[in-house]
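Summary of structural features
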Amino acid sequence: MKKHRVLALIALLVVVTGALVHARTAADYLDNGFMSLYYHAVRLEETFPRVNPMALAITEFEKALFDDETAGEAALMIGLVYQYLDRPGTALGYFLDFAMRHPEEVWIHSLIGDLYAEMGRLEDAEQSYLLAAESAPEDDIFRQAYLGLGNTALEKGDFSQAKEAFEKALLEAGDYFDARLGLGKALYYLEDYEEAIATLEVAQLQAPRSIPMFYYLGLSYEAAGLQDQAQHAFARIEELQQKQ
């Protein structure tokens, strides 16, 4: 029997025995939920189609919601699962629950902002990102919050604000590709083409297969009058699209 099938059989036995015997306390429910996520990570459902590890995880975490000591962590985990399942509206409620139970964990507002942004609620997203950024511990920068602020500013057409936010995200995370790409976009829209090119050429070294990066790099080259470089960038996009 192949090793992965042996692992799957063991995993299934743990699911069944855990559900029937072990799950008796809130801590056990959390453990069972984490174990179910592990089963999904090893693709248990491919071997046993009737087993749904993600549904099992949600069920176990929901049981842990009824104990104050584990409710916060359970709410966070359920929110993450629903976010993974592309259900931002459902995930939002659990993240807000976690934020209410643990107001000291201000980083959660970056995740809340991401959900609002995904739902098109840009004003709410911006407020959540600002709350995370402004409440960050001294000498600490929540780069995800500033990335979110930059992206919402881009959506609103406030390119100067976007530039400032992306620069803050890069302040202590110089290898943050998403922030560098965002900064390149903002610089392009601000018609600072030389800086946009310099920024995006660095981004190219970080992610040489990024189509959005080549798109804005090509536009920046074109706007700067560098036609040969622009054609090369756009040709690279066609190559990457053909390989997808």
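Residues numbered from 1 in each chain as written. Predicted model: local features only at pLDDT ≥ 70, side-chain atom pairs only at ≥ 80, totals over all residues. Heavy atoms only, no water.

**So, the overall build of the protein chain**
Tallying secondary structure elements over the protein chain gives 14 helices and 0 strands in all. Along the protein chain, helices (α) and strands (β) appear in the sequence α-α-α-α-α-α-α-α-α-α-α-α-α-α when read from the amino end. Counting only residues that meet the buried cut, the protein chain has 43% of its 244 residues in that class. Once local pairs closer than 6 in sequence are excluded, the contacts in the protein chain between residues at least 24 apart make up 46%. Element-wise, carbon and sulfur atoms account for 52% of the exposed surface of the protein chain, whose accessible area totals about 13600 Å². (Helix = DSSP H or I, 4+ residues; strand = E, 2+ residues; numbered from the N terminus. Buried < 20%, exposed > 50% of the residue type's maximum accessible area, 1.4 Å probe, protein only. Contact = heavy atoms within 4.5 Å. Areas by Shrake-Rupley, 256 points an atom, 1.4 Å probe, with all protein chains shown as cover.)

**Quick notes on the side chain of aspartate 97**
When you line up the elements, aspartate 97 lands in helix 6 (residues 88-101). Of the polar contacts made by the side chain of aspartate 97, one reaches the side chain of arginine 101; its length is 2.9 Å. Sequence-distant contacts of aspartate 97, that is, excluding residues within four places in its chain, are made with Leu65 and Ala75. (Polar contact = N/O pair within 3.5 Å; in protein donor to acceptor, adjacent residues only side chain to side chain.)

**Focus: the packing of aromatic side chains**
The final tally for this structure, using the stated rule, is 10 aromatic pairs. Ring plane angle 75° and centroid distance 5.4 Å describe the contact between phenylalanine 34 and phenylalanine 61, whose orientation is recorded as edge-to-face. Residue phenylalanine 34 is found in helix 2 (residues 26-41), and its partner phenylalanine 61 is found in helix 4 (residues 53-64); the two are separated by 27 residues along the sequence. Classification of phenylalanine 34 by relative accessible area gives partly exposed; the value is 33%. (Phe/Tyr/Trp six-rings, centres within 6.5 Å; stacked < 30°, edge-to-face > 60°.)

**Some thoughts on the environment of arginine 180**
Structurally, arginine 180 can be placed in helix 11 (residues 177-189). Sequence separation of arginine 180 and glutamate 201 is 21 residues, and the distance between their C-alpha atoms is 9.9 Å. Ignoring any residue separated from it by four or fewer positions in sequence, one finds arginine 180 in contact with Leu170, Gly174, Thr199, Val202, Ala203 and Gln206.

**Structural notes on the packing of helix 8 (residues 122-134) against helix 9 (residues 143-156)**
Two elements in contact, helix 8 and helix 9, have axes whose closest approach is 9 Å; the angle formed by their N-to-C orientations is 150°. The angle between the axes of helix 8 and helix 9 places the two elements in the roughly antiparallel class. As helix 8 packs across helix 9, the resulting crossing turns out to be left-handed. Taken together, the residues of helix 9 that come into contact with helix 8 (itself represented by Leu122, Glu123, Ala125, Glu126, Tyr129, Leu130, Ala132 and Ala133) are Gln144, Ala145, Tyr146, Gly148, Leu149, Thr152, Glu155 and Lys156. (Axes fitted to C-alpha atoms, helices over the stretch in contact; angles between N-to-C directions. Parallel < 35°, antiparallel > 145°, perpendicular 65-115°, else oblique. Left-handed = near helix turned anticlockwise from the far one by under 90°.)

**Focus: the packing of helix 11 against helix 13 (residues 211-223)**
Helix 13 packs onto helix 11 with a crossing angle of 30° between their chain directions and a minimal axis gap of 10 Å. Regarding the angle of helix 11 to helix 13, the classification is roughly parallel. Handedness of the helix 11/helix 13 crossing: left-handed. Of the residues in helix 13, those touching helix 11 at Phe177, Leu181, Lys185, Tyr188 and Tyr189 are Pro212, Met213, Tyr216, Leu219, Ser220 and Ala223.

**Regarding a nonpolar patch on the surface**
Together, Met35, Tyr38 and Val42 give the surface a local cluster of nonpolar side chains, amounting to about 240 Å² of exposed area. Among the secondary structure elements, valine 42 is positioned in the loop between helix 2 and helix 3 (44-47). Among the residues examined, valine 42 registers a relative accessible area of 34% and is labelled partly exposed. (Patch = residues over 30% accessible without salt bridge, like charges linked within 9 Å, V, L, I, M, F, W, Y side chains within 5 Å. Salt bridge = Lys/Arg side-chain N within 4 Å of Asp/Glu carboxyl O.)

**Description of the environment of alanine 235**
Within the secondary structure layout, alanine 235 lies in helix 14 (residues 227-243). With 17 residues separating them in the primary sequence, alanine 235 and glycine 218 have C-alpha atoms 9.4 Å apart.

**Examining helix 2**
The end-to-end C-alpha distance of helix 2, which contains 16 residues, comes to 23 Å, matching closely the 22 Å that a straight helix rising 1.5 Å per residue would cover. Where helix 2 is concerned, the buried positions are Ala26, Asp28, Tyr29, Leu30, Asn32, Gly33, Ser36 and Tyr39. Of the residues trailing helix 2, arginine 43 is marked for its positive phi of about 60°. (Expected span 1.5 Å × (residues − 1).)

**Some details on the confidence of the model for the protein chain**
In the predicted model, the protein chain carries a mean pLDDT of 88, and 89% of its residues have values of at least 70. Contacts from residues 1-23, a stretch scored under 50 in pLDDT, to residues over four places away or in other chains number 27 contacts. (pLDDT = per-residue confidence, 0-100.)

**So, the pattern of salt bridges**
Following the criterion strictly, the structure yields 9 salt bridges and no others. When salt bridges that share partners are traced, they join Glu123, Glu126 and Lys156 into one network.

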